[in-house]
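Okay, here's what each chain looks like letter by letter:
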Amino acid sequence: MRDSCLAFRSAWEHDERAASGHRDECAACQQWVAARERLCSALGALTRLTAPAALELAVARELSGDRSERLGRALQSLVRRGAPPELDERVAAWIGRADATDTEQRQEQRAGALRALDVQRAPDVLERLLREELEHPEQQQAERFTGSLPRLSAPAALAERLASSVRRRALMRLVTAPLAALAAAGLILWIALRTGVDERRPYRFQVVHASTLEPLDPTARALAESLGGGVPR
Amino acid sequence: MRVLLLLALLAACERAAPPAAPAGQGLVAGNPLLAHGDARQTVAHRGTRRFEFPAVAGAASSYRERITTDGQGRFALEPLEAHQASAGEWAQFELVQRVRQGFLFRYRDFVVRDPERFARNWSTHTLTRTEVVAGRDCALYHVERLQGEPRTFELALDPETGLILASREHDAGGRLVAEMRYETLQLAPDLSTVAWHQASNLERPVDSVPALATELGVRCLEPRLLPAGYGPIEVATVEDGAGTTWLKHTYSDGIETLFFLQALEPAGRSAGSASTGAGVQGVEAGKVMVFELGSARAVQGRVEGFRILAVGEVGETELLDLIESALP
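Residues numbered from 1 in each chain as written. Chains lettered and ligands numbered in written order. Predicted model: local features only at pLDDT ≥ 70, side-chain atom pairs only at ≥ 80, totals over all residues. Heavy atoms only, no water.

Caption draft 1: Representation of a positive patch on the surface. All names here are of chain A. Where like charges cluster on the molecular surface, the positive patch consists of Arg-167, Arg-168, Arg-169 and Arg-173. With respect to the helices and strands, Arg-167 occurs in helix H9 (residues 156-195). Given the relative accessible area of 57%, Arg-167 is considered exposed. (Patch = residues over 30% accessible without salt bridge, like charges linked within 9 Å, V, L, I, M, F, W, Y side chains within 5 Å. Areas by Shrake-Rupley, 256 points an atom, 1.4 Å probe, with all protein chains shown as cover. Salt bridge = Lys/Arg side-chain N within 4 Å of Asp/Glu carboxyl O. Lys, Arg positive; Asp, Glu negative; His and termini not counted. Charge placed at Lys NZ, Arg CZ, Asp CG, Glu CD. Helix = DSSP H or I, 4+ residues; strand = E, 2+ residues; numbered from the N terminus. Buried < 20%, exposed > 50% of the residue type's maximum accessible area, 1.4 Å probe, protein only.)

Written out as structure tokens, the structure reads:
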């Protein structure tokens with residue numbers, strides 16, 4: 001291979017468009033370029049594998065200085081040692097002895113264990129309700145089942161008086177109600193705008209302000225930093 | 001008295017009314033920034049871009065990257081250099097940028113994510129002058145938020161491709177927050193050797209949250225009180241590296257995005273054991289922790305048995321209200 005070939009190939013690998021003159025004159029270099037192009041094409045056609053999602057998190061943790069999981073990973077990577085065969089034999093022998101124990105003895109042990117448990121008392125309110133039910137059954141029934149009593153209708157005179165009163169009030173409402181509603185809405189709006197909306201609302205959670213970004217979830221951090229220009233903080 | 005109340009009502013209505021919208025602002029059609037959609041997704045191109053963050057100290061205050069898209073949805077972001085960075089800082093910065101290129105492509109660049117809400121919440125003014133960016137004649141636009149803090153963007157749009165080739169973001173005080181600018185632009189580039197971004201968080205769109213809740217046997221939360229101008233744009237499940245699946249609600253005011261995430265785990269597991277994944281150390285049940293990350297905020301915590309995250313460029317009170325409104 002000549003020096004010019006070496007120079008051409010080096011230049012071609014750096015920038016293929018910049019190196020074109022020598023190829024037209026050298027058959028070996030033409031073949032070399034064709035082989036290189038086939039290789040590029042074949043590599044370019046390969047399916048690109050995706051990095052596992054866990055990698056992103058691991059990178060973020062390492063970059064943020066979190067080394068807490070290194071020990072866990074190291075322990076997980078250790079080869080697991082099996083139990084010695086003598087242990088299996090002893091366990092099998094012990095289980096065999098346990099199977100042979102007397103059934104009655106086992107039942108007695110269970111009964112003893114149950115007796116040792118705490119006895120749960122019924123709640124006090126249940127006792128009180130039961131006592132009241134037994135002492136005054138009619139009163140308890142009346143209090144709980146008033147809905148089942150027969151419903152009485154109102155007298156006709158009451159209905160007439162109500163109808164005339166409703167007509168008078170309807171006329172009044174037709175005029176005054178819209179004005180009153182408008183005035184009330186205006187007053188509320190005016191007060192709201194005058195005082196601003198600075199009042200703190202009560203939340204169902206406590207708000208804490210972070211002094212560092214370490215506790216921030218990596219997903220939230222990536223989103224927030226992307227919104228703020230993609231600049232790591 | 002009634003007259004006084006009526007006058008107060010009229011005054012209040014006048015104060016509460018939003019500022020007058022520019023002519024045609026309420027229309028989605030005709031807005032030049034909406035004509036092309038997200039052109040990065042539809043125009044195959046390659047370019048180098050420079051990012052500046054004046055408020056950020058250290059190595060990441062200024063960096064360059066190469067963007068490549070195939071016009072079919074695939075993309076790749078390659079960090080090229082970070083100014084004022086040592087070798088160690090650069091290695092870490094490059095790694096983080098490569099790992100997060102999916103987040104960066106979706107949420108860092110200026111993109112109109114919801115045309116209707118963009119037209120409602122933001123005003124667009126065409127500037128009379130033009131600017132050459134990366135060899136392309138660009139039209140200039142001034143975009144300003146109509147509600148809340150008056151944040152603004154100055155955009156240089158390539159009318160031919162619809163690509164935004166430069167953007168400058170200012171905060172309410174007029175200070176420059178972020179700047180992006182294409183230094184080079186190559187349309188229809190050679191894409192044969194590009195290593196496209198491969199998402200690793202297994203994001204899956206969710207068509208029906210109630211159906212998902214029934215399928216998984218968990219209670220799914222959904223915020224009922226959003227910051228002014230925001231609305232839902234998508235719901236999806238994502239997986240983190242710790243094996244936790246999150247239900248992610250994404251909201252937008254047209255440009256900015258806001259996230260609400262809930263860990264999908266059985267009620268017994270979410271009660272507070274420390275083994276439920278990263279990032280929960282130091283956050284006790286019944287507490288939420290607020291983090292400040294530049295212009296963005298994140299709130300995370302365990303409330304009533306739910307692991308919750310809320311992330312957005314909105315105020316702390318709005319994020320806390322969002323979480324409170326999601327609780328059963």
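From this point, the discussion proceeds with the structure in view.
Caption draft 2: Seen up close, the nonpolar core. Residues and elements named next belong to chain B. Counting residues in hydrophobic clusters, the biggest one holds 23 residues, and the most contacted among them are Tyr-63, Val-133, Ala-156, Leu-163, Leu-165 and Tyr-182. With 4 residues, the single largest contributor to this core is strand S8 (residues 176-187). Contacts of Leu-165, omitting those with residues within four sequence positions, involve Val-133, Arg-136, Cys-138, Ala-156, Asp-158, Met-180, Arg-181, Tyr-182 and Leu-185. (Core = buried A, V, L, I, M, F, W, Y, C linked by side-chain atoms within 4.5 Å. Contact = heavy atoms within 4.5 Å.)

Caption draft 3: Here's a closer look at the sheet that holds strand S15 (residues 306-312) of chain B. Strand order across the open sheet formed by 8 strands is S1(A)-S13(B)-S14(B)-S15(B)-S12(B)-S11(B)-S10(B)-S9(B), with mixed pairing between neighbours. Each end of this open sheet is capped by a strand with a single partner; those strands are strand S1 (206-209) of chain A together with strand S9 (204-205) of chain B. With 7 bridges joining them, strand S13 (residues 287-293) of chain B and strand S14 (residues 296-303) of chain B adopt antiparallel strand pairing. Counterpart to Lys287(B) in the pairing with S14(B) is Arg302(B). Here helix H10 (residues 218-227) of chain A sits on the sheet in contact with strand S12 (257-263), S13, S14 and S15 of chain B, set at roughly 10° to S15(B). (Pairing = 2+ DSSP bridges. Axes fitted to C-alpha atoms, helices over the stretch in contact; angles between N-to-C directions.)

Caption draft 4: Just the sheet that holds strand S7 (residues 164-170) of chain B, in detail. Residue and element names in this part refer to chain B. Pairing is antiparallel in the open sheet, where 8 strands are placed in the order S3-S2-S1-S8-S7-S6-S5-S4. Both outer strands of the open sheet, strand S3 (75-82) and strand S4 (122-133), are each paired with one neighbouring strand and no more. When the angles between neighbouring strand axes are averaged without regard to direction, this sheet yields 20°. Where strand S1 (residues 45-52) lies against S8, 8 bridges are found, and the strand directions are antiparallel. If you follow Phe-51 over to S8, its bridge partner there is Met-180.

Caption draft 5: Here's a closer look at the interface of chain A and chain B. Between chain A and chain B, the contact holds 52 residues from the first and 69 residues from the second. Taking both sides of the interface into account, the surface hidden between chain A and chain B amounts to around 5600 Å²; carbon and sulfur atoms contribute 66%. By the criterion of area lost to chain B, the three top residues of chain A are Arg204(A), Phe205(A) and Leu227(A), representing 14% of everything that side buries. Arg100(B) is the salt-bridge partner of Glu225(A), the closest N and O atoms lying 2.2 Å from each other. On the surface where chain A and chain B come into contact, there are 13 residue pairs in polar contact (both at pLDDT 80 or more). Of all the secondary-structure elements, those providing two or more residues to the side of chain A that touches chain B are helix H3 (53-63), H9, S1 and H10 of chain A. Tallying contributions element by element places H10(A) first for the side of chain A that touches chain B, with 10 residues. Within the side of chain A that touches chain B, the residues separate by chemical class into 31 nonpolar, 10 polar and 11 charged. Bridge analysis of S1(A) against S13(B) gives 4 bridges, and the strand direction is parallel. Along S13(B), the bridge assignment pairs Val207(A) with Val288(B). (Buried area = accessible area lost by both parts, 1.4 Å probe. Polar contact = N/O pair within 3.5 Å; in protein donor to acceptor, adjacent residues only side chain to side chain. Nonpolar A, V, L, I, M, F, W, Y, C, P; charged D, E, K, R; others polar.)

Caption draft 6: Representation of the packing of H3(A) against helix H3 (residues 87-99) of chain B. At a minimum axis separation of 11 Å, H3(A) and H3(B) run at an interaxial angle of 150°. By the criterion of interaxial angle, the relationship of H3(A) to H3(B) is roughly antiparallel. The chirality of how H3(A) crosses H3(B) is left-handed. Taken together, the residues of H3(B) that come into contact with H3(A) (itself represented by Glu56(A), Val59(A) and Leu63(A)) are Gln92(B), Leu95(B), Val96(B) and Val99(B). Along the lines of polarity and charge, the residues of the contact of H3(A) with H3(B) split into 5 nonpolar, 1 polar and 1 charged. (Parallel < 35°, antiparallel > 145°, perpendicular 65-115°, else oblique. Left-handed = near helix turned anticlockwise from the far one by under 90°.)

Caption draft 7: A look at empty space enclosed by the protein. Residues and elements named next belong to chain B. Taken as a whole, this structure holds 4 cavities of 30 Å³ or more when the rule is applied. Of the voids in this model, the largest cavity is the one considered here, and its volume is about 320 Å³. Lining the largest cavity are 24 residues, and of these Arg-108, Asp-109, Phe-110, Phe-153 and Glu-169 sit closest to its centre. Within the residue set of the lining of the largest cavity, elements represented by two or more residues are S7 and S8. With 4 residues, the single largest contributor to the lining of the largest cavity is S8. Residues of the lining of the largest cavity, tallied by class, amount to 11 nonpolar, 5 polar and 8 charged. Split by domain, the lining of the largest cavity shows at least three residues from each of two domains, domain 1 (2-187) and domain 2 (204-326). Size it by volume and the second largest cavity reaches roughly 170 Å³. (1 Å grid on protein atoms, 1.4 Å probe; cavity = no way out; pocket = protein on both sides within 12 Å on 5 of 7 lines; lining within 4 Å. Points joined across faces, edges and corners; volume = space filled by probe spheres on them. Domains from an automatic or database assignment.)

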